[in-house]
Amino acid sequence: MSHLRRLEEEAIFLLRETAALFRRPVMLYSIGKDSTVLAHLAAKAFWPAKPPFPLLHIDTTWKFREMIAFRDRLARALGFDLRVHSNQEGLARRITPFTADANTYTRIMKTDALKQALELGGFDVAIGGARRDEEKSRAKERMFSLRSPQHGWEPRSQRPEFWRLANPHLRAGETMRVFPLSNWSERDVWRYTLAEGIPIVPLYLARPRPVVLRGEALIVVDDDRFPFQSGETAELRSVRFRSLGCYPLCGAVESEAATVAEVVAELAATSTSERHGRLIDGAGAASMEAKKREGYF
């Protein structure tokens, strides 16, 4: 618990510093376990007042239905001003995970949509739940990560952070992204969730769900938009998710862990990456780092 409390104190410090140093902050909400912990920390950091920044969700329209219902409940419970943005041009072009490759879909419906939302809101800093242990390009991030006027990320231009001191000064058009959970691990997130009794999307817990095996990925069939291939049918398996995103691009894992305590115990014996089932991360040249350079969170 002392380890978790130190992580909690650091995150709350960073949230308060961000609210104090920047003109117009916003917190991004992916509806995943990390951003849910971050929203909980923000509520703690500014209690009894409401969080002093809105909660922004980039809606591709392909999230699990349970995720959208959970998003709305959480925003109401924590007192956030919830804002939702979709790339209308992408919707008009009918860009979906089934009509475009994963890289094109991510760029249009996630990266471009995020940049649109940040510019429309006039936000100079976006707070997110990314962690350094998730993926090698995220390990290069500072807690206060500078972005160009085009929202691009350049690792070599990042500023040093001595003694937890940040340089918040921005030139015209530049923005900042802040990662209060940088030093947390997946296990830390789950242990904190258990200790604090934080509600989570039920998809993180195992139960029988209809799945289709595509390559090595178990894809949960969430609605009737899923196009079955010839001879393909869904079968019920006990599965859960370690990382959530758009359902056609998110692989489940077979599991019997039906409670948060069981998830914590299961992770103690797991050696694979939590993003192993994310189909958008490493497709050819468009790796996570390339996506981040374009403005992906």
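Further up the page is the structure itself.
Now, about the nonpolar core: what can you tell me, with residues and values included?
If you look at the biggest cluster of nonpolar residues, it comprises 62 residues, and the most contacted ones within it are Leu15, Met27, Leu41 and Trp184. Breaking this core down by element, the ones donating at least two residues are helix H1 (2–21), helix H2 (33–46), helix H3 (65–78), helix H5 (102–121), helix H6 (186–196), strand E7 (207–214), strand E8 (217–220) and helix H7 (260–267). No other element matches H2, which puts 7 residues into this core. Residue contacts for tryptophan 184: discarding those within four places in its chain leaves Leu7, Glu8, Ala11, Val37, Leu41, Arg131, Asp133, Val189 and Tyr192. With 10 residues, the next largest nonpolar core counts Val26, Ile58, Leu114 and Phe123 among its residues.

Describe the pairing of strand E1 (residues 25–28), with residues and values.
Where burial is concerned, the two faces of E1 agree: the one with Pro25 and Met27 and the one with Val26 and Leu28 are both buried. The sheet contact formed by E1 and strand E4 (residues 125–127) spans 3 bridges and is parallel. Bridging across to E4, valine 26 finds its partner in alanine 126. Crossover handedness for the path E1 to H2 to strand E2 (residues 55–58): right-handed.

Residue-level account of the side chain of glutamate 134, with values.
With respect to the secondary-structure elements, glutamate 134 resides in the loop between E4 and strand E5 (144–147). Among the polar contacts listed, one links the side chain of glutamate 134 to the backbone nitrogen of arginine 131, at a separation of 2.7 Å.

Give me the lowdown on the pairing of E2, citing residues and values where you can.
Along a regular strand, successive side chains alternate from one face of the sheet to the other. Here E2 shows two buried faces, one formed by Leu55 and His57 and the other by Leu56 and Ile58. Bridge analysis of E1 against E2 gives 2 bridges, and the strand direction is parallel. Directly across from leucine 28, in E2, lies its bridge partner leucine 56. Read as a crossover between parallel neighbours, the route from E2 over H3 to strand E3 (residues 82–85) is right-handed.

Which residues make up the sheet that holds E5, and what values do they have?
With mixed pairing, the 6 strands of this open sheet are ordered in space as E3-E2-E1-E4-E6-E5. Of all strands in the sheet, those bounded by a partner on one side alone are E3 and E5. The sheet shows a mean angle of 30° between the axes of neighbouring strands, direction not considered. Here E5 pairs with strand E6 (residues 175–178) via 4 bridges, running antiparallel. Paired with arginine 147 across the two strands is threonine 175, which belongs to E6. The strands that H5 touches are E1, E2, E3, E4 and E6; relative to E2, the one it contacts most, it runs at about 145°.

Lay out the environment of proline 97 with the relevant residues and their values.
Within the element layout of this structure, proline 97 appears in the loop between helix H4 (88–92) and H5. Along the chain, proline 97 and leucine 249 lie 152 residues apart, while their C-alpha atoms are 7.2 Å from each other. For proline 97, the contacting residues outside a window of four places in its chain are Trp62, Tyr105, Pro248 and Leu249.

So, the packing of H1 against H2: which residues are in play, and what are the values?
For the pair H1 and H2, interaxial distance at closest approach is 9 Å and the crossing angle is 70°. With respect to their mutual orientation, H1 and H2 come out roughly perpendicular. Each of Arg5, Glu8, Ala11, Ile12, Leu15, Arg16 and Ala19 in H1 lies in contact with H2, whose residues at this interface are Leu38, Leu41, Ala42, Lys44, Ala45 and Phe46. When the residues that make up the contact of H1 with H2 are grouped by side-chain class, the tally is 9 nonpolar, no polar and 4 charged.

Tell me about the packing of H2 against H3, and name the residues and values.
Where H2 contacts H3, the axes come no closer than 11 Å and their chain directions differ by 10°. In terms of orientation, H2 and H3 fall into the roughly parallel class. For the pair H2 and H3, contact is made by Thr36, Ala39, His40 and Ala43 and by Phe70, Leu74 and Leu78, respectively. Residues that form the contact of H2 with H3 fall into these classes: 5 nonpolar, 2 polar and no charged.

Pulling in residues and values, what's your account of the packing of aromatic side chains?
As enumerated under the stated definition, the model contains 10 aromatic pairs in all. Between the aromatic rings of phenylalanine 46 and phenylalanine 53, the centroid separation amounts to 5.8 Å while the plane-to-plane angle is 90°, which identifies the pairing as edge-to-face. Summarising the burial analysis for this pair, phenylalanine 46 and phenylalanine 53 share the class buried. On the numbers, 5.6 Å between centres and 75° between planes, the contact of tryptophan 62 with phenylalanine 98 is edge-to-face. Linking tryptophan 62 in the loop between E2 and H3 with phenylalanine 98 in the loop between H4 and H5, this pair joins segments that are 36 residues apart in sequence. Residue classification places phenylalanine 98 among the partly exposed positions, given a relative accessible area of 30%. Among the aromatic residues, those joined into a ring-pair cluster are Trp62, Phe64, Phe98, Phe226, Phe228, Phe241 and Tyr247.

About the cut-offs
Residues numbered from 1 in each chain as written. Predicted model: local features only at pLDDT ≥ 70, side-chain atom pairs only at ≥ 80, totals over all residues. Heavy atoms only, no water. Core = buried A, V, L, I, M, F, W, Y, C linked by side-chain atoms within 4.5 Å. Buried < 20%, exposed > 50% of the residue type's maximum accessible area, 1.4 Å probe, protein only. Helix = DSSP H or I, 4+ residues; strand = E, 2+ residues; numbered from the N terminus. Contact = heavy atoms within 4.5 Å. Pairing = 2+ DSSP bridges. Right-handed = clockwise from strand over helix to strand, strands pointing away. Polar contact = N/O pair within 3.5 Å; in protein donor to acceptor, adjacent residues only side chain to side chain. Axes fitted to C-alpha atoms, helices over the stretch in contact; angles between N-to-C directions. Parallel < 35°, antiparallel > 145°, perpendicular 65-115°, else oblique. Nonpolar A, V, L, I, M, F, W, Y, C, P; charged D, E, K, R; others polar. Phe/Tyr/Trp six-rings, centres within 6.5 Å; stacked < 30°, edge-to-face > 60°.

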